[in-house]
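Here is how the chains run, residue by residue.
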Amino acid sequence: MVYSVAMPTPALPPTPDVSTVPAMPPSGGDLPGGAPVSPAGGRGGTSPTRGRIGAGTETGTDTRPPLDASEPAGGHRPGPLGRLGRWAAVHRGRVGLAWLFVAAVFAVFAPGVESALSGAGWQASGSTSVQVRHLARQDFGGDASSAIEVVVSANRPITNPAVRAVIAHAEHILTADPRIGKIVPPEPGVSVSPNGRTGIILGGANAGPNTMVRAADSLQGPLASLSGHGVTVAATGASVLWSDFNAANRSAMLRSELYSWPVTLAILVLAFGTLIAAGLPLLLAIVGLLSAAGLLDLLTRLAPISIWAMNFALMFALALGIDYALFVVVRFRGAHFGAHRSVAESVAETMDTAGKAVLFSGVTVLVSLSTVLIVPSPAFRSMAVGIMAAVVFILAATVTLLPAALGKLGDRVDALPLPWVHAGEHRSARFAHWGERLWRHPYAFGAAALVVLLALASPVLGLRTAMPSITVVPANSSARVGYDIVDKAFGPGAPGALQVITSPAHLAATNAVLTHDSSIARVLPAVRSASAPLDMLSAVPTMDPSSAAMDNAIAQLRHRLPSGTLVGGAAAENYDLQTVLGSKTPEVIALVLLFGFVLLLIALQAPLIAAIGVLTNLLATGAAFGVGRLVFQNGFGHQILGFTPQGFLDAWGPIFFFAMIFAISMDYTVFLLSSAKEHWERSGDTKDAMVNGLAHSGRVIFSAAAVMVAVFFTFALSGPLPPKEMGVILGVAVLLDAGLVRLILLPVLLRLTGVTAWACPHWLRRALPRISFSHA
């Protein structure tokens, strides 16, 4: 493979009559693609008319590349990022020591982050079900959805002395834990099965839900050790479910990350072509991860942070570290090798161009993830905060530590190269050839990509979401063993009993509604609070807690019960969270698209191409969720992936995966369009912008996407279902976004829209800040 470096166009000379400034071609009279430049400054008449200051003003639209009036006649003066990069390269020792200090400080706190993070938080804050849980814990001895239920099942009646001894031992274990409140032994007619061989011990919640999940972590083992001699003891309930859920997923994600590292390293070496350059993304990822982990540990002292925040922070630290280092290092090699300038000046040029694109990309990622904060759920908000913390550190390291490393390495950034790699590779001849082919046949390639994307996206119209069922935890987990025993001994709705709290004045009416409701199998006797004028009834439904019928039953009961009566329980908490997610998803999507458009508009100074860049993201996202529906809802390929379909996608998928997909895909959008804009500003030629934009960014996009696809697909091969959903949907999204949208459809749209893609109304250009990606 042969690579060449596109030579920049000389700066426009000063002239007293700006109304007659002609377009200047690149050095030698030819564009980087090799075709001659027409007198109008374009190729084949594709360029804007730049010979008159009023060109394009008949409609109030300026199609000329913006001229940088602040550029001195003697050369280019670096912008703020360029000056920061140059300073970091010159003072690399100070920068390195500063980052070493930051990493060391946060590394002190990082080891304790896993134990400090919370395992719960999957709730709709302020919902009716959360109110019920709070009242049940406060006024009913901890008989809340977060209580620990210990199921004792035997091959003989539980009144047998040996079984009674086991029950007494289990009660002793619960009593010894201060996080457990009131202990309620098995009661005939209430918590003893009709055949008398299964009983449930209730360990009331004496702490918040996050602490109760930790209590479940520590109690499961001792309780399970009581099993034997025909007796099975298993802890279950919502807290135990989340404990098992987090443990299974944490183990699977760590295993997937272990598998993904060798693949990542191999792709990085192939992408950079040298072993030294391939280590730079890992430097950013490690610094970002250590810093984010330490910060998360500190943040847990202010508010609970979900343990999932750490997993996603690790993923994004690796993803963005690779993306940003690829783009910056490749640009540095093109700026430095073959140019007669110092390393510091090469770093300045790199940060003025690629660094600026990275900054916009990072801000877009942060803005996209910040929209998740409108979801009133602690788990969602803390996961977004965790990822954002990692992104901030990665961004900071990219604009300071990476320039310092490049300043230190200089020519040695290409040390230990692969045999076929040539120093200074920046412009890919292969992607330039691909760009030329797209330019010649835009309709054929564009239509093919569009048809594939629309076909894959069409199943999304029938997508169904719900909160995960008990099947998301392993069959041998304590929560599932206990659930299955209760289901068989007490009926299918027993594991999801509803808690109904009402006033004494409405007790009779509430009991009547529950008793005569066809969705309720039985109503347990009311319990009166000793500390408040409240009564609580437990209603056992007739259906599985995870079924759609349960959602309908909860909605109907809340409509029919007396005013002021509250319906809660684990099933109701899932229903409330699912309802909130459904209502917030359109808002999050709208905000992500709006903020993404505004940021692209500021970066590109062109509303049409900014809108195209944002809207094409929807195609890849829709196609990914379409594939997700076929796999996880309809079960296509479930034997290969090794899971049992639930008949729906987990409810957190659309809202959270959309924000993540958009954040990642905007990286590629910014990389491609900023490179295209850089060439547009130099030549004013639409073909130059499209072909050379692709030639200078295509290899980075392809390599970064290859790493991400490999990483995500390793999660798809992990054990539990949620990592599989994330791996398949995000992996397919990145594959389609990079392969069909950024490397085919978006360049084709640049070709078809021509000069209009870069047009901007005069009033809008005056309102926007002056931003240029050109360093010529």
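Q: Help me get a handle on the nonpolar core, residues and values and all.
A: Core analysis: the largest hydrophobic core is formed by 183 residues, its most contacted members being Phe316 and Ile609. The element best represented in this core is helix H9 (residues 308–336), accounting for 20 residues. If you look at the next biggest cluster of nonpolar residues, it comprises 27 residues, including Val163, Ile173, Leu174 and Ala479.

Q: Break down the packing of helix H1 (residues 80–90) against helix H11 (residues 378–409) for me, with residues and values.
A: Any two packed helices are characterised by how steeply their axes cross, that is the angle between the axes, and by the distance between the axes. At a minimum axis distance of 7 Å, the contact between H1 and H11 shows a crossing angle of 50°. Judged by the angle between their axes, H1 and H11 are oblique. H1 and H11 meet at a crossing whose hand is right-handed. Contacts between H1 and H11 involve Leu81, Leu84, Gly85, Ala88 and Ala89 from the former and Val399, Thr400, Pro403, Ala404 and Gly407 from the latter.

Q: Talk me through the pairing of strand S3 (residues 148–154); I want residue IDs and the actual numbers.
A: Put simply, side chains in a regular strand alternate between the two faces of the sheet. In terms of residue burial, S3 counts as a mostly covered element, since six of its seven residues are buried. For S3 and strand S5 (residues 198–205), the ladder comprises six bridges, and the chain directions are antiparallel. When the sheet's bridge partners are listed, valine 150 is paired in S5 with isoleucine 201. Here six bridges tie S3 to strand S6 (residues 231–236), and the two strands are oriented antiparallel to one another. Bridge pairing in S6 places valine 152 opposite valine 233.

Q: Help me get a handle on the pattern of salt bridges, residues and values and all.
A: A side chain of one charge can pair with a side chain of the opposite charge if their charged atoms are brought near each other. Across all of its chains, the model carries 14 salt bridges by this definition. When the shortest N-O distance is used, the salt bridge between aspartate 177 and arginine 179 registers 2.8 Å. Notably, a salt bridge pairs arginine 331 with glutamate 678, separated by 2.8 Å at the nearest N-O pair. Linking arginine 331 in helix H9 with glutamate 678 in helix H20 (residues 652–683), this pair joins segments that are 347 residues apart in sequence. Shared partners join several salt bridges into a network, and the residues in it are Arg331, Glu349, Glu678 and Arg682.

Q: Any details on the pairing of strand S9 (residues 498–502)? Residues and values, ideally.
A: Most of S9 sits out of view: five of its five residues are buried. Examined bridge by bridge, S9 and strand S12 (residues 535–541) share five bridges and lie antiparallel to one another. Looking across to S12, one finds that glutamine 499 is bridged to serine 538.

Q: Run through helix H10 (residues 343–370), naming residues and quoting values.
A: Along H10, the largest kink reaches about 40° and is centred on methionine 351. Taken across its 28 residues, H10 has 22 buried, putting it largely inside the fold.

Q: An account of the side chain of threonine 565 is needed here, citing residue identities and associated values.
A: With respect to the helices and strands, the residue threonine 565 is situated in the loop between helix H16 (548–560) and strand S13 (566–568). In this structure the side chain of threonine 565 is engaged in a polar contact, spanning 3.0 Å, whose partner is the side chain of threonine 502. A polar side-chain atom of threonine 565 sits 3.1 Å from the main-chain carbonyl oxygen of proline 562. With near-sequence residues (within four places) excluded, threonine 565 lies in contact with Val500, Ile501, Thr502 and Thr510.

Q: Got a sec to walk through the sheet that holds strand S4 (residues 180–184)? Specific residues and values, please.
A: Read across the open sheet, the four strands follow the order S4-S5-S3-S6; overall the sheet is antiparallel. At either margin of the open sheet sits one strand with a lone partner, and together these are S4 and S6. For this sheet the average axis-to-axis angle between neighbouring strands, irrespective of direction, equals 20°.

Q: Lay out the packing of aromatic side chains with the relevant residues and their values.
A: Under the counting rule described, the total for this entry stands at 13 aromatic pairs. Look at tryptophan 122 and phenylalanine 380: their rings are 5.8 Å apart centre to centre, the planes differ by 80°, and that puts the pair in the edge-to-face class. In this pair, tryptophan 122 sits in the loop between helix H3 (113–116) and helix H4 (128–139) while phenylalanine 380 sits in helix H11, placing the two residues 258 residues apart along the sequence. There is no split in this pair, since tryptophan 122 and phenylalanine 380 are both buried. Their ring planes at 35° and their centres at 5.2 Å tell us that phenylalanine 632 and phenylalanine 643 sit as a pair that is tilted. With phenylalanine 632 in helix H18 (residues 607–633) and phenylalanine 643 in the loop between helix H19 (638–641) and strand S14 (649–650), this residue pair connects regions lying 11 residues apart in the sequence. Grouping aromatic residues by their ring pairs yields a cluster made of Trp122, Trp242, Phe245, Phe380, Trp652 and Phe656.

Q: If you had to explain the environment of glycine 493 to someone new, which residues and values would you point to?
A: Its place among the elements puts glycine 493 in the loop between helix H14 (478–490) and S9. In this structure, the C-alpha to C-alpha distance between glycine 493 and arginine 522, residues 29 residues apart in sequence, is 9.8 Å. If near-sequence neighbours (up to four positions away) are discounted, glycine 493 is found in contact with Val540, Pro541 and Met543.

Q: Go over the confidence of the model for the protein, please, and point to the residues and values.
A: Taken over all residues, the pLDDT of the protein has a mean of 84, while the share at 70 or more is 88%. Per-residue pLDDT stays below 50 along residues 1–59; that stretch engages in 110 contacts with residues further than four places along the chain or on separate chains. Confidence drops under a pLDDT of 50 for residues 64–74, and excluding neighbours within four residues, the segment shows 25 contacts in the predicted structure.

Q: How would you explain the packing of helix H13 (residues 442–457) against H18 if you had to name every residue and give the values?
A: Packing of H13 against H18 brings their axes to within 7 Å, and their N-to-C directions diverge by 45°. Between H13 and H18, the angle is such that the two are oblique. Between H13 and H18 lies a crossing of left-handed hand. Listed contacts from H18 to Leu450, Leu453, Leu454, Leu456 and Ala457 of H13 are Leu619, Ala620, Gly622, Ala623, Gly626 and Val627. The class makeup of the residues in the contact of H13 with H18 is nine nonpolar, two polar and no charged.

About the thresholds
Residues numbered from 1 in each chain as written. Predicted model: local features only at pLDDT ≥ 70, side-chain atom pairs only at ≥ 80, totals over all residues. Heavy atoms only, no water. Core = buried A, V, L, I, M, F, W, Y, C linked by side-chain atoms within 4.5 Å. Buried < 20%, exposed > 50% of the residue type's maximum accessible area, 1.4 Å probe, protein only. Helix = DSSP H or I, 4+ residues; strand = E, 2+ residues; numbered from the N terminus. Axes fitted to C-alpha atoms, helices over the stretch in contact; angles between N-to-C directions. Parallel < 35°, antiparallel > 145°, perpendicular 65-115°, else oblique. Left-handed = near helix turned anticlockwise from the far one by under 90°. Contact = heavy atoms within 4.5 Å. Pairing = 2+ DSSP bridges. Salt bridge = Lys/Arg side-chain N within 4 Å of Asp/Glu carboxyl O. Bend = angle between axes of the 7 residues up to and from the residue. Polar contact = N/O pair within 3.5 Å; in protein donor to acceptor, adjacent residues only side chain to side chain. Phe/Tyr/Trp six-rings, centres within 6.5 Å; stacked < 30°, edge-to-face > 60°. pLDDT = per-residue confidence, 0-100. Nonpolar A, V, L, I, M, F, W, Y, C, P; charged D, E, K, R; others polar.

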